[in-house]
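Commentary on secondary and tertiary structure
What follows is the residue order along each chain.
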Amino acid sequence: MAKVFERPKALADVVTHYCPGCTHGIIHRLVAEAIDELGIVDRTVGVAPVGCAVLAYDYFECDMQEAAHGRAPAVCTGIKRVRPDLIVFSYQGDGDLASIGTAEIVHAAARGENITVIFVNNGIYGMTGGQMAPTTLVGHKTTTSPYGRDAKVQGHPVRISEMLATLEGPAYIERVSVHTPQLVNRAKQAIKRAFANQVEGKGFSLVEVLSTCPTNWGMTPVEALQRVANEMVPYYPLGVFKDIDAEGEDK
Amino acid sequence: MGERILMKGNEAIGEAAIRAGCRHFFGYPITPQNELPEYMARRLPEIGGAMVQAESEIAAINMVYGAAGAGVRVMTSSSSPGISLKQEGLSYIAGAELPCVVVNMVRGGPGLGGIQPAQGDYWQATRGGGHGDYRLIVLAPATIQEMVDTVQDAFDLADKYRNPVMILGDGMLGQMMEPVEFREQTVSSLAEKEWATTGLRNHPGRRNVINSLYLQPDKLEEHNQHLQRKYAEIAANEVRYEEVDVEDADLVVAAYGTTARIVRSAMEEARREGLRVGLIRPITLWPFPVEPFARAAERAHAFLSVEMSAGQMVEDVRLAVNGKKPVYFYGRTGGMVPTPEGVLAKFREILEGKHNG
Ligand SMILES: Cc1ncc(C[n+]2csc(CCOP(=O)(O)OP(=O)(O)O)c2C)c(N)n1
Ligand code: SF4
Ligand SMILES: [Mg+2]
């Protein structure tokens, strides 16, 4: 009998430290499946962030580098520029990518670095215990916005995919979510595409994945998935924001 | 071989780095070191490499982290305010034990300071500069020829010890022109970088991870102990310095880089006047040449540190002299360069003070 479901080879057979119901785990799996299906694990180097995914260097079965908070796109640039034969990806949270590492992501994208970025947007600083992120929705309570984020005081959440899509550099930018099985499949296609683009030399590809943090949102895993559907998706619409292949077709 | 060409200090560093096997350079513009990234931007594409102008010094040093982690010889350069921004990355590079060469053409500070030569970054360079217990190997050449030779040495030391190496120059060394000779490089027999993230296909069966995170305190302490053993080995084996007329000196001067050249001029005049002045010129600022100072303290009457700072290296001189003899200081700051006359006046003051006292 054929096995229809097994652990991707690029995903290490270890217990992760993620909380129950956290979607970081699903996203790890999708990244590993994409690496497996493209047959690139032996030439892939991943760059882990500072955030809940800080130990990702223990979870992916490829060479890894651990970057300083927010600097993963610069670290990826360094690796890719000196060894263009490698497939280089970063896996970053929203505090990491959209706050402290804003300059690094914008300029890696602007330069069109031929790298793959997996951007996990859970609207909160998970690792440090639930502080406000640049992506925290207006009205959401966090430990540093205890009265709810007030746009007049704390400003508005940042839409990274839309922002980066205004640049000429990127080849592909899509926002996906993993709160339903269908959407998980869609996310998988996007992530695979983002790696395939790099293999084909197409340039900078970023997939933003809406993710949950049941622990710091103070919700059950199921409630957290519902919050993604009901509150995050309306502000962070899913879809493709940049695709140089589709642009070609239009012409 | 033997051909001498006239080159600006900053450009000479670039050429020397290329000859040492460096093909990748990551930088961000700042005076007075711009000629170095500019030279690399011209030359590296000709030989299959690249100069990437990063969005900031923070990004540049993190690109260096990635590139060094991938196993190649890599360089970045900046000047004081930019070097401050690199401190985060340097701490991570030291923690992850990555080899790289960082050039600091020091200018006057603090803050935005000025753009004229200074030596006010001595503490930052020799004490690590970023967070945590770590050391940079710090090399301080005094001529452009020495700078060229230092670059090869810097890459070799970085690779040998898997440690960041800083070349600490100053605006003067970077900007002036002197004849240099690029000597044939002896091929160094350094170990393969088996730890580098070059992809599993290059090291099947062993996943390579570049990292400085150790969440368990006992493991982090073990890592620190390993680093400290490495630093002790460097301190035991890699001290470099020059001594001039120390044997009979009543006054032993400490000076490095450009300042040492000014001290040399002042010393010539002093000797003509019958003042017995000698010089110990540290070439490695870390590890600091403690031993020659300790030795000189047995017979010299006094020590003097001359710096383009408000008094930084003087603390290391005091530690080395260990209270045996008085240690004086003479310095200029802000981009003001000491004159031989000013230095000579200080020699007289100290030596005559000794005679009077
Ligand atoms: C320079 C620096 N500043 C702050 C921190 C503390 N810190 C660790 S993780 C983190 C936020 C992570 O949030 P995010 O990137 O959204 O990842 P998540 O944990 O939510 O997946 C912060 C602020 C740090 N490690 N380094
Ligand atoms: S704190 Fe939040 S983001 Fe981090 S592992 Fe737990 S649920 Fe996931
Ligand atoms: Mg987050």
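By convention here, each chain's residues receive numbers from 1 onward along its written sequence. Whichever chain is written first becomes A and whichever ligand is written first becomes 1, with later ones labelled in order. The model is predicted, so local features are restricted to residues of pLDDT at least 70 and side-chain atom pairs to those at 80 or more, both for listing and for counting; the totals for chains, interfaces and linings are taken over all residues. The basis for every side-chain value is the complete set of heavy atoms in the structure, and neither hydrogens nor water enter the calculation.

**Some words on the overall build of chain A**
Let me state the cut-off plainly: Each helix corresponds to a stretch of at least 4 residues labelled H or I by DSSP, and each strand to a stretch of at least 2 residues labelled E; elements are numbered beginning at the N terminus. The globule rule used here is 2.2 Å times the number of residues to the 0.38 power, and the radius of gyration it is set against is calculated over C-alpha atoms. Accessible area is worked out with a 1.4 Å probe on protein chains only. A residue is then buried under 20% of its type maximum, exposed over 50%, and partly exposed in between. Contacts are assigned to residue pairs with any non-hydrogen atoms lying within 4.5 Å of each other. Where accessible areas are quoted, they stem from the Shrake-Rupley method and a 1.4 Å probe; at the residue level, only the protein chains shown are allowed to cover.
In terms of regular secondary structure, chain A is built from ten helices and nine strands. In terms of C-alpha radius of gyration, chain A reaches 17 Å, essentially the compact-globule figure of 18 Å for 251 residues. Overall size of chain A, expressed as C-alpha extent along the three principal axes, is 50 × 50 × 35 Å. Looking at chain A residue by residue over its 251 residues, the buried ones come to 55%. In chain A, once contacts between residues fewer than 6 apart in sequence are set aside, the share between residues at least 24 apart is 67%. With the model as given, the accessible surface of chain A reaches about 9800 Å², and the carbon-plus-sulfur share is 56%.

**Quick notes on the interface of chain A and chain B**
By a widely used convention, the size of an interface equals the accessible area lost when the partners come together. Stated precisely, the cut-off is as follows: Accessible area, probed at 1.4 Å, shrinks when two parts are joined; the buried area is that loss added up over both. Between Lys or Arg on one side and Asp or Glu on the other, a salt bridge is scored when a side-chain nitrogen of the former is within 4 Å of a carboxyl oxygen of the latter. Two N or O atoms count as a polar contact when they lie within 3.5 Å, although within protein this holds only if one can serve as hydrogen donor and the other as acceptor, and sequence-adjacent residues are included solely when both atoms are side-chain atoms.
On the chain B side, the residues contacting the 33 residues of chain A number 33 residues. Three residues, D63, Q65 and V82 of chain A, lead the burial of chain A against chain B; their summed loss comes to 21% of the area buried on that side. In this structure, R71 of chain A and E88 of chain B form a salt bridge, with 2.9 Å as the shortest nitrogen-oxygen distance. Inspection of the chain A/chain B interface yields 21 residue pairs in polar contact (both at pLDDT 80 or more). Breaking the side of chain A that touches chain B down by element, the ones donating at least two residues are β2 (63–66), α2 (72–82) and α4 (102–110) of chain A. Counting residues per element, the side of chain A that touches chain B draws most heavily on α2 of chain A, which supplies seven residues.

**A word on the sheet that holds strand β12 (residues 277–282) of chain B**
All names here are of chain B. Filter applied, for reference: Two strands form a pair only when DSSP identifies at least two bridges running between them. Axis lines are fitted through C-alpha atoms, for helices just across the contact stretch, and the angle between N-to-C directions can take any value from 0 to 180 degrees.
With mixed pairing, five strands are arranged side by side in an open sheet as β10-β12-β11-β14-β15. Every interior strand has two partners, whereas the edge strands, β10 (241–244) and β15 (327–331), have only one. Looking at each pair of strands side by side, their axes are set apart by 20 degrees on average, direction ignored. Across four bridges, strand β11 (residues 251–254) lies against β12 in parallel orientation. Bridge pairing in β12 links A254 to I280. Helix-sheet contacts for helix α10 (residues 257–272) involve β10, β11, β12 and β14 (302–307), and the interaxial angle to β12 is about 165 degrees.

**Points about the sheet that holds strand β4 (residues 116–121) of chain A**
Spatial strand order, β9(A)-β7(A)-β8(A)-β4(A)-β3(A)-β1(A)-β2(A)-β9(B): eight strands in an open sheet with mixed pairing. The outermost strands of the open sheet, each flanked by one partner alone, are β9 (239–243) of chain A together with β9 (209–210) of chain B. Strand direction decides the pairing type here: β2 of chain A and β9 of chain B, joined by two bridges, are parallel. Its bridge partner lying in β9 of chain B, M64 of chain A is registered against V209 of chain B.

**Re the layout of surface pockets**
Residue and element names in this part refer to chain B. Note the following rule: Here a cavity denotes grid points, spaced 1 Å and computed from the protein atoms alone, that fit a 1.4 Å probe unable to get out, and a pocket denotes an open set having protein on both sides within 12 Å along at least 5 of 7 lines; residues with an atom within 4 Å of a point are the lining. Grid points are joined across faces, edges and corners, and a volume is the space filled by probe spheres set on the points. In this classification, Asp, Glu, Lys and Arg are treated as charged, Ala, Val, Leu, Ile, Met, Phe, Trp, Tyr, Cys and Pro as nonpolar, and every other residue, Gly included, as polar.
Considering only enclosed or pocket space, the largest pocket measures out at about 430 Å³ in volume. As for the largest pocket, its lining consists of 18 residues, of which S91, H131, S212, L213 and L220 are closest to the centre. Those elements giving two or more residues to the lining of the largest pocket turn out to be α5 (87–95) and α9 (217–237). Class assignment of the residues belonging to the lining of the largest pocket gives a composition of nine nonpolar, seven polar and two charged.

**Remarks on empty space enclosed by the protein**
All names here are of chain A. Under the defined criterion, the tally for this structure stands at one cavity of 30 Å³ or more. Here the largest cavity is characterised by a volume of approximately 80 Å³. Lining the largest cavity we find 13 residues, and of these N122, G123, H140, W217 and R227 sit closest to its centre. Here the lining of the largest cavity is composed, by residue class, of five nonpolar, six polar and two charged.

**Considerations on helix α7 (residues 181–199) of chain A**
Residues and elements named next belong to chain A. We count it as follows: By this rule, a helix spans an expected 1.5 Å times one less than how many residues it contains.
A rise of 1.5 Å per residue sets the reference length of α7, with its 19 residues, at 27 Å; its end C-alpha atoms lie 27 Å apart and thus fit the reference within 8%. Listed as buried for α7 are V184, A187, K188, A190, I191, A194, F195, A196, N197 and Q198. Contacts made by the buried residues of α7 are with α1 (24–38), α2, β3 (87–93), β4, β7 (172–177) and β8 (205–210). Backbone geometry just after α7 places G201 at a positive phi near 75 degrees.

**Side note on the coordination of the magnesium ion (ligand 3)**
Residues and elements named next belong to chain A. Quick note on the threshold: Each metal's donors are the N, O and S atoms within 2.8 Å of it, or within 3.2 Å when it is Na, K or Ca, and because water is not part of the set, sites may look incomplete.
Protein-derived coordination of the magnesium ion (ligand 3) comes from D94 (OD), N122 (OD1) and I124 (O), at a distance range of 2.0 to 2.1 Å. Within one chain, the residues donating to the magnesium ion (ligand 3) are spaced in sequence as D-x27-N-x1-I. Of the two residues, D94 is situated in helix α3 (residues 94–100) and I124 in strand β5 (residues 124–125); the sequence distance between them amounts to 30 residues.

**Overview of the site of ligand 2**
All names here are of chain A. The condition that has to hold: The rule for a residue being near a molecule or strand is that one of its heavy atoms must lie within 4 Å of it.
By nearness alone, every residue bordering ligand 2 is listed as Y18, C19, C22, H24, C52, N122, G126, C213, P214, T215 and N216. The leading source of residues in the shell around ligand 2 is helix α8 (residues 214–217), at three residues. Considered class by class, the residues forming the shell around ligand 2 number six nonpolar, five polar and no charged.

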